Amino acid sequence: MSTMAVPRAHAGHRLRCVLAVVCALCWASSSVRFVAGQAGQLSVDASPQTARKMPDKMFGIFFEEINHAGAGGLWAELVSNRGFEAGGPNTPSNIEPWFIIGNESSIIVGTDRTSCFERNPVALRMEVLCGSKGTNVCPSGGVGVYNPGYWGMNIERRKGYKVSLHIRSSDAVSLTISLTSSDGLHKLASRTITGGKKQFTNWTKIQFRLYSSQNNTNSRLQITTTKTGVVWLDQVSVMPSDTYMGHGFRKDLASMLANLKPQFLKFPGGNYAMGQYLRNAFHWGETVGPWEERPGHVNDAWGYWTDDGLGFFEFLQLAEDLGASPVWVVNDGASINEEVPTAIIASLVKDVVDGIEFARGGVNTTWGSVRAAMGHPQPFKLDYVSIGNQECWMLYYRGNYQKFYSAIKAAYPDINIISSCDKSTISASNPADLYDVHVYASSANMFSRTSMFDNTPRSGPKAIVSEYAVTGNDAGKGTLVAALAEAAFLVGLEKNSDVVEMASCAPLFVNDNDRKWSPDAIVFNSWQHYGCPNYWMLHFFKDSSGATFHPTTMQVSNYDQMVASAITWQSPKDKSTYLKIKVVNFGSKAVDLNITVTGLESGIKSSGSKKTVLTSGAPLDENSFEQPEKVAPVLSPVADAKQQMGVSVSPYSLTSFDLLLEPSKHSAI
C-alpha cells in the first residue's frame, strides 16, 4: 500500500495508520464492497485419456483429544471424573468437579484407596453425621455430593439415561440418585436405593434408567441421603440411552462426522498420543476392557483429565460405524519432553504389535479374546499405522522407527506404515508406505500451497496430509476466508492425487467452554453444535474419494485468486453420474466464467444439475450458536446445463457445479 506525500512526516505516519485501520475495517465489515467483475475461461478436459482415478481414501477425518473433543464431547458420558481418579493416586485427594451438599456438621467427604478395582484404587467416602431425626437432623433435601458434568448436563424430556454406580457400606443405606437443575432445587428424575446393613457390605454394582420429566440444558447429577452412616461410592456413570449406533457416541456430533462421508479416521491424536511426558501418553492397553477398570489418565498435552471411556476399542468402533478405515497413531517411545533410546525400545514395540492383535487377532489370540469379550468377535479392519507424530527431528526416531517397522511388517505384512519423516529420507534402508505431512499456515499462504505437490517426484511413497489448517489473525474461530484457503489447498491435493493418498483437517472438534485451539471444524457445548465454514467446505470434497479426476485450465487476466478442479462421481443413491466442477474464488472480484467441457463420452443432461455456493457478506464472517448457518452452502438448480456455459462466480466463494451426465456410455476408470 502506498500513501500520498504530505508536508510533515508525522502527518504521513498518521495517514498511513488511518489507512491501515480503514483497510482492516473494510476486511472485517459485513458490508465490505467487492470489486467489479471480469471475465475468465475454465476448460475441463473430461476425455478418458487424461482422466485419473483418485485414491479411494482421499479425504477423511483426524480426531485428537483436544478442546474436550472426546471427554465432554463426542463420548456421551455425562459424569466428569466418574471414578474419582482425577485427583491422583494419593488420598485424600481433590474430587473436582464433584461438590459437597451439606456442611461439615452434617457430612465429611473424602477419598481413600478402598475401591474394588485394582487399577482404579480411589473411591469416594461419605461419612454422614446427620440423620432423619435426633439432635442433628439433615437438611430436607439430604446431604451428599453432586456432579455438574462438563459445564452442565443436557437432560432431555422423556429420554432415557442409564445410571451405573458401585456402592459399599456396613450401615443401612438409603441413597437418592437424582438429575436436577443446576442449583439442585428442581428434580428432573430420581431413584432411591435402599438396603439393610448386610446388603452392601461388599462392593455392589447398581444399574437403572432414569427418564426426565422435562428439558434442562444445565443439569447435574446428585447423590443424597438423610441416613447416618458411612457410604463409599465409585465409578458413577450417566450415559444417554440414545447414542450413535448404540455405541456411546453423542448422536448429533457423530452424525456431523457421518455426513462428511469420511474414508478414514486417524486417531487418537498428535500431541495427545505423545503426552508431555510418557506416563501421560495414550497407552492403548489401559483404555480397553470394562470401562470401570480403565484407570484414565491426565491429558497433559491439553490440560485435562480423561476417564478413557473413549479408548482404543471405541475409536476402532467409531471408524467402523462411519465406514472409515482406522489409522492408528502409535506412541513410538517419544513424548514432547522425553524419548526412549532405541536400545531399550523393544517393550514398546511389542506393545504396539499387541495392539494390532487386539484390533485384528482371532478370538483365540491373547488380545483378540479381549476384543471379543467387549462384544466384537469379528476383527476390525486396521490397515494403517502411523509411527509417531512428526518426530523425525528427534534423536532416536529413525532408529526406533526401524524397530517398529520391522516388527509390524513381520507380523502383519499388509499393514501400511506411515513415517513421520519426509519423502526425501525414505529409501530401501528406511522404508515407508506413506509419509505424514502437516500444514499450518495463514490464509494467503495456504492458498498459495495449492501447488505444494506440483513438483513432487511421482514415484515412491505417497503423502498423507493428516493435519492441515489455516491459523493466524484471519482464521478467527473459523472464518469464510480460512475455509476458502483450505478449499484451494484441497483442490491442489486433488490435482496431485497421484502423489497424495489421504488428507484430513485439524482439529476436528472444540467444546466452546475449553478452546485450547482455534479454529476447529465443529463447535459444540452440552446441547448445541454448529459447523464452521471449513466444515461446510469439506462437504464439497466428500464425493472425491475414489472419483475420476479431470485436468482443468483456468484463465483470468490479471487475477490469480482462482483455482478449480473437476471430477466425475457416481451417486450411491440412484447411481447417477455427475461431472463436479469446483471453483474457489479467493479474491474480491466477481468473475463471469465461461466453462467449456470437452472429451465427455456422454453428454450433459439439460435438467437435473445443481449448483452449490459457500460464501457470505464478508470474508471474516463466522458461524455461531446464534447464527449457526451464517456461512453455509446454498443449493440451487442449474438451468439448461451444457458442455459450454457461462456462470457467475461470486467474490470470496466456493462454488460447485454438479452436472448430471447422460447414462449412456460414461464409465469410471
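As named in an unreviewed UniProt entry, the protein is non-reducing end alpha-L-arabinofuranosidase, taken from Aegilops tauschii subsp. strangulata. Taken directly from UniProt, the Catalytic activity (unreviewed entry) text for the protein runs: "Hydrolysis of terminal non-reducing alpha-L-arabinofuranoside residues in alpha-L-arabinosides."

**Q** Tell me about the overall build of the protein, residues and numbers included.
**A** Secondary structure assignment for the protein yields ten helices and 35 strands. The C-alpha atoms of the protein give 29 Å as radius of gyration, which agrees with the globular expectation for 669 residues (26 Å, within 12%). Oriented by its inertia axes, the alpha-carbon framework of the protein measures out at about 90 × 65 × 60 Å. Counting over 669 residues, the protein shows a buried share of 57%. Carbon and sulfur atoms form 51% of the exposed surface of the protein, whose accessible area is close to 27,100 Å². Side-chain charges of the protein comprise 58 positive and 60 negative groups, with the mean position of each set lying 4 Å from the other.

**Q** Can you explain the state of the cysteines? Please cite residues and give values.
**A** Across all of its chains, the model carries two disulfides by this definition. The residue that forms a disulfide with C392 is C421, at a sulfur-sulfur distance of 2.0 Å. In this structure the cystine formed by C392 and C421 twists about its S-S bond by roughly 95°; its chirality is therefore right-handed. Taken together, the residues C392 in the loop between β19 (384-387) and α7 (397-411) and C421 in the loop between β20 (416-419) and β21 (434-441) connect sequence positions 29 residues apart. With respect to class, C392 is no different from C421; both count as buried. In the protein, the bonded cysteines, numbered by position in the sequence, are linked as 1-2, 3-4. There is no disulfide at C532, and the cysteine sulfur nearest it, in C505, is 10 Å away.

**Q** Describe helix α9 (residues 480-495), listing the residues and the values that go with them.
**A** Between its terminal C-alpha atoms α9 stretches 23 Å, which fits the 22 Å expected from 16 residues at 1.5 Å a residue. A large share of α9 lies buried, amounting to 15 of its 16 residues.

**Q** Pulling in residues and values, what's your account of the domain arrangement of the protein?
**A** In terms of domains, the protein is made up of domain 1 (38-53 + 547-660), domain 2 (60-75 + 243-539) and domain 3 (99-240). Each of domain 2 and domain 3 has a C-alpha centre, and the two are 37 Å apart. In total, about 1,500 Å² of surface goes out of reach between domain 2 and domain 3, with carbon and sulfur atoms giving 57% of it. Per-residue buried area on domain 2 facing domain 3 is highest for W291, E292 and S526; these three make up 36% of the total on that side. Between domain 2 and domain 3 we count one salt bridge in total. Here K205 makes a salt bridge to E292, at a shortest N to O gap of 2.5 Å. Joining domain 2 to domain 3, the criterion identifies five residue pairs in polar contact (both at pLDDT 80 or more). Partitioning the side of domain 2 that touches domain 3 into residue classes produces six nonpolar, eight polar and six charged.

**Q** Could you give me a rundown of the environment of H283, with the residues and numbers involved?
**A** By secondary structure assignment, the location of H283 is in the loop between α3 (271-274) and β16 (297-299). Given a relative accessible area of 32%, H283 falls into the partly exposed group.

**Q** Give me unusual backbone geometry: which residues, what numbers.
**A** With an omega dihedral of 0°, the bond running from T91 to P92 counts as a cis peptide bond. Structurally, P92 can be placed in the loop between β3 (61-62) and β4 (99-101). In this chain, E96 is followed by P97 through a cis amide linkage whose omega measures 10°. Here the phi dihedral of Q235 falls at roughly 45°; this positive angle occurs in a residue that is not glycine. Looking at the element boundaries, Q235 is found in strand β14 (residues 229-240).

**Q** Which residues make up the nonpolar core, and what values go with them?
**A** Counting residues in hydrophobic clusters, the biggest one holds 118 residues, and the most contacted among them are W328, V465, Y468, F509 and M537. In terms of residue count, the dominant contributor to this core is α9 (twelve residues). Formed jointly, this core draws a minimum of three residues from each of two domains, domain 1 (38-53 + 547-660) and domain 2 (60-75 + 243-539). Counting 38 residues, the second-largest nonpolar core is a separate cluster that includes F84, I107, V231 and V238.

**Q** Pulling in residues and values, what's your account of the sheet that holds strand β22 (residues 462-470)?
**A** Taken in spatial order, the eight strands of this open sheet run β3-β15-β18-β19-β20-β21-β22-β23, and their pairing is parallel. At either end of the open sheet lies a strand with only one pairing partner, and these are β3 and β23 (500-503). Along the sheet face, α9 touches β21, β22 and β23 and points at about 170° away from the line of β22.

**Q** How would you sum up the sheet that holds strand β9 (residues 160-168)? Please name residues and give values.
**A** The strand order β5-β6-β14-β9-β12 describes an open sheet built from five strands, whose pairing is antiparallel. What marks the edges here is a single partner per strand, and that holds for β5 (107-112) and β12 (204-211). With direction set aside, neighbouring strand axes in the sheet form an average angle of 30°. Looking at chain direction, β9 and β12 are connected through eight bridges and run antiparallel. Across the sheet, residue V163 finds its bridge partner in β12, namely F208.

**Q** Please give an account of the layout of surface pockets that cites residues and values.
**A** Roughly 720 Å³ of volume is contained in the largest pocket. Taken together, 31 residues form the lining of the largest pocket, with W75, K162, M239, G248 and W291 sitting closest to its centre. Residue assignment for the lining of the largest pocket shows that the elements contributing at least two residues are β9, β12, β14 and α4 (312-322). Residue composition of the lining of the largest pocket, by class: ten nonpolar, 13 polar and eight charged.

**Q** So what's going on with the UniProt feature "domain: Alpha-L-arabinofuranosidase C-terminal" (unreviewed entry) in the protein? Which residues, and what values?
**A** UniProt feature "domain: Alpha-L-arabinofuranosidase C-terminal" (unreviewed entry): in the numbering of this structure it lies at residues 466-653. The span residues 466-653 carries 12% helix and 37% strand; its end-to-end C-alpha distance comes to 25 Å.

**Q** Any details on the confidence of the model for the protein? Residues and values, ideally.
**A** A residue-level look at the protein finds 94% of positions with pLDDT of 70 or above and a mean pLDDT of 93. Every residue in residues 1-33 scores below 50 in pLDDT, and together they form 24 contacts with partners more than four places removed in sequence or on other chains.

**Q** Kindly report on the pattern of salt bridges, identifying the contributing residues and their values.
**A** A full pass over the atoms with the stated rule returns 26 salt bridges. Across the pair D252 and R250 runs a salt bridge, and its minimum N-O distance is 2.8 Å. Judged by relative accessible area, which is 23%, D252 ranks as partly exposed. Classification of R250 by relative accessible area gives buried; the value is 12%. With its nearest N and O atoms 3.5 Å apart, the salt bridge here joins K381 to D383. One salt-bridge network, held together by shared partners, links K261, D543, K580 and D658.

Rules behind the numbers
Residues numbered from 1 in each chain as written. Predicted model: local features only at pLDDT ≥ 70, side-chain atom pairs only at ≥ 80, totals over all residues. Heavy atoms only, no water. UniProt positions renumbered as here; feature names shortened; annotations may be inferred. Helix = DSSP H or I, 4+ residues; strand = E, 2+ residues; numbered from the N terminus. Rg over C-alpha atoms; globule rule 2.2 N^0.38 Å. Buried < 20%, exposed > 50% of the residue type's maximum accessible area, 1.4 Å probe, protein only. Areas by Shrake-Rupley, 256 points an atom, 1.4 Å probe, with all protein chains shown as cover. Lys, Arg positive; Asp, Glu negative; His and termini not counted. Charge placed at Lys NZ, Arg CZ, Asp CG, Glu CD. Disulfide = S-S within 2.5 Å. Expected span 1.5 Å × (residues − 1). Domains from an automatic or database assignment. Buried area = accessible area lost by both parts, 1.4 Å probe. Salt bridge = Lys/Arg side-chain N within 4 Å of Asp/Glu carboxyl O. Polar contact = N/O pair within 3.5 Å; in protein donor to acceptor, adjacent residues only side chain to side chain. Nonpolar A, V, L, I, M, F, W, Y, C, P; charged D, E, K, R; others polar. Core = buried A, V, L, I, M, F, W, Y, C linked by side-chain atoms within 4.5 Å. Pairing = 2+ DSSP bridges. Contact = heavy atoms within 4.5 Å. Axes fitted to C-alpha atoms, helices over the stretch in contact; angles between N-to-C directions. 1 Å grid on protein atoms, 1.4 Å probe; cavity = no way out; pocket = protein on both sides within 12 Å on 5 of 7 lines; lining within 4 Å. Points joined across faces, edges and corners; volume = space filled by probe spheres on them. pLDDT = per-residue confidence, 0-100.

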